[in-house]
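Listed here are the chains, written in short residue letters.
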Amino acid sequence: MKDKLVTPSYCFILAANFLLYFGFWLIVPVLPFYLSEEFSADNSTIGIILSCYTVAALCIRPFSGYLLDSFARKPLYLVAYFVFMCIFTGYIFASTLAVFIMFRIIHGISFGTVTVGGNTVVIDIMPSSRRGEGLGYYGLSNNIAMAVGPMSGLFLHDAGMSYTTIFCCALGSCIAGFCCATLVKAPYKPPVKRDPISLDRFILLKGLPAGFGLLMLSIPYGMTTNYVAMYAKQIGLDVSTGLFFTFMAAGMAISRIFSGKIVDRGKVTQVIAAGLYIVIVSFFALSGCVYIIQWNPDACVFVFFGVALMLGVGFGIMFPAYNTLFVNLAPNNQRGTATSTYLTSWDVGIGIGMLAGGYISDISTFDKAYLFGACLTIVSTIYFNWKVTPHYQKNKLR
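Residues numbered from 1 in each chain as written. Predicted model: local features only at pLDDT ≥ 70, side-chain atom pairs only at ≥ 80, totals over all residues. Heavy atoms only, no water.

Student: What is the right way to read the side chain of Ser 110 from this model?
Tutor: Relative to the helices and strands, Ser 110 resides in helix H5 (residues 97-125). Overall, the relative accessible area of 4% leaves Ser 110 in the buried class. From its side chain, Ser 110 meets the backbone oxygen of His 107 in a polar contact 2.8 Å long. Here Ser 110 is in contact with Ala 80, Val 83 and Phe 84, once residues within four sequence places are set aside. (Helix = DSSP H or I, 4+ residues; strand = E, 2+ residues; numbered from the N terminus. Buried < 20%, exposed > 50% of the residue type's maximum accessible area, 1.4 Å probe, protein only. Polar contact = N/O pair within 3.5 Å; in protein donor to acceptor, adjacent residues only side chain to side chain. Contact = heavy atoms within 4.5 Å.)

Below, the structure is given as structure tokens:
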């Protein structure tokens, strides 16, 4: 019973996480169309506006990690969740681009806090001996949301539903998720006395090498999640791009079933390395779709969705392993800092990916953006094997 993973609180936080990410993913592929159709924004402007969200999230994450390590975690988690939920109402009434950007920034701040809070609370309520497995299932709730969220958003958009309707659906999802979050019973964590403020209270310094490798990896991921629908339209691929996210999430779900257990056996760096090789091939294939469709449109459809599945497998393998890697480098009283460093590294790359994807597609095409991202994954893999793995083996605490 001591190592029991599935408890009511664990189930509630999985549901809360799924519903939060469903609301998030519901509008992700729709926003580029919204900004283009409602505000006549070009691709570069869209990239800048979308990246505001990520920049805001990464700016707040080091501070949220510090607060979560210093005070009771659940109240902070609930406050951030509530703010995140309310901002969808703001989108409905945003009448100008400036107002929309303001709400987008606030949304990013709340997202940066609630995701660090959720990741930290779930670590607190699960047995340490099953952390890799538990984080795998927790991440799987994100993946399921990623399977149905973008597909639902694009379906509503293609069916002619108004953007107000789409934002209301996202709001309803987060209201239900907030109710689930309030039912989580997290262990009481009294405020702790902190040493004088220093950099390592906000950033896990031992995690910086891994963070840099993760940053490079997340750049092409950010390009994919935000622009893959526009890429398919640009090359003339006549498919439901919402299914891309479904296949991607299916790949993540498949990999989560076994990757977490392998991580719990201590094979953290080996699991990440395996995922990296899969992702390299996938991004090169994605950039090559522009040429494959000219040769055989049916083959291009097969490759396009095959890439989605393999990206899901690759990233699904790496997510719980990378999260465990950061946690294993930190003492128990810096779990929040470790989690925020992990997520901040990811968000920096996502933000760069949004900006780079919009900029490169404006001066060239989306396939060149994905080719650039594929090359970055090679650099990330070399760096991980050369720098991150030896550093982790030398400095891990558990």
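Resuming the write-up.
Student: Where do I start with the confidence of the model for the protein in this structure?
Tutor: Keep in mind that low pLDDT regions are not for reading the predicted coordinates in detail. Of all residues in the protein, 90% attain a pLDDT of 70 or more, and the chain-wide mean is 82. Here helix H3 (residues 43-70) stands out as the element of the protein with the lowest mean pLDDT, 76, in contrast to helix H7 (residues 163-182), whose mean of 92 is the highest. (pLDDT = per-residue confidence, 0-100.)

Student: What is the right way to look at the packing of helix H4 (residues 73-93) against H5 in this model?
Tutor: Between two packed helices, the angle of one axis relative to the other and the distance separating the axes together describe the packing. The N-to-C vectors of H4 and H5 enclose an angle of 150°; their axes lie 8 Å apart at closest approach. What the angle tells us is that H4 and H5 run roughly antiparallel. Viewed along their axes, H4 and H5 form a crossing whose handedness is left-handed. Class assignment of the residues belonging to the contact of H4 with H5 gives a composition of 14 nonpolar, 7 polar and 4 charged. (Axes fitted to C-alpha atoms, helices over the stretch in contact; angles between N-to-C directions. Parallel < 35°, antiparallel > 145°, perpendicular 65-115°, else oblique. Left-handed = near helix turned anticlockwise from the far one by under 90°. Nonpolar A, V, L, I, M, F, W, Y, C, P; charged D, E, K, R; others polar.)

Student: Got a minute to help me understand the pattern of salt bridges in this structure?
Tutor: Once their charged atoms are close, side chains differing in charge can pair, the charge on each being opposite to the other. Scanning all chains against the criterion turns up 1 salt bridge. Of the charged contacts, one joins Lys 368 and Asp 367 as a salt bridge, the two residues approaching to 3.1 Å between their closest N and O atoms. (Salt bridge = Lys/Arg side-chain N within 4 Å of Asp/Glu carboxyl O.)

Student: Help me understand a nonpolar patch on the surface, please; the structure alone is not making it clear to me.
Tutor: On the surface, Val 79, Phe 82, Val 83, Met 102 and Ile 106 cluster together into a nonpolar patch covering about 410 Å² of accessible area. Looking at the nonpolar patch, the elements with two or more residues in it are H4 and H5. Along the chain, Val 79 turns up in helix H4. With a relative accessible area of 54%, Val 79 lands in the exposed category. (Patch = residues over 30% accessible without salt bridge, like charges linked within 9 Å, V, L, I, M, F, W, Y side chains within 5 Å. Areas by Shrake-Rupley, 256 points an atom, 1.4 Å probe, with all protein chains shown as cover.)

Student: Please explain the packing of aromatic side chains as it appears in this structure.
Tutor: Two measures describe an aromatic ring pair: the distance that separates the ring centres and the angle between the ring planes. Enumeration over the complete set of coordinates arrives at 33 aromatic pairs. Aromatic pair Tyr 221 and Trp 346: ring centres 4.9 Å apart, planes at 55°, arrangement tilted. Here the residue Tyr 221 occupies a position in helix H8 (residues 208-235), and Trp 346 occupies one in helix H13 (residues 335-363), the gap between them amounting to 125 residues. Classification of Trp 346 as buried rests on a relative accessible area of 13%. On the numbers, 4.9 Å between centres and 45° between planes, the contact of Phe 244 with Phe 304 is tilted. On the criterion of sequence distance, the pair formed by Phe 244 in helix H9 (residues 242-264) and Phe 304 in helix H12 (residues 297-328) is long-range, its members being 60 residues apart. Each member of the pair, Phe 244 as well as Phe 304, is classed as buried. (Phe/Tyr/Trp six-rings, centres within 6.5 Å; stacked < 30°, edge-to-face > 60°.)

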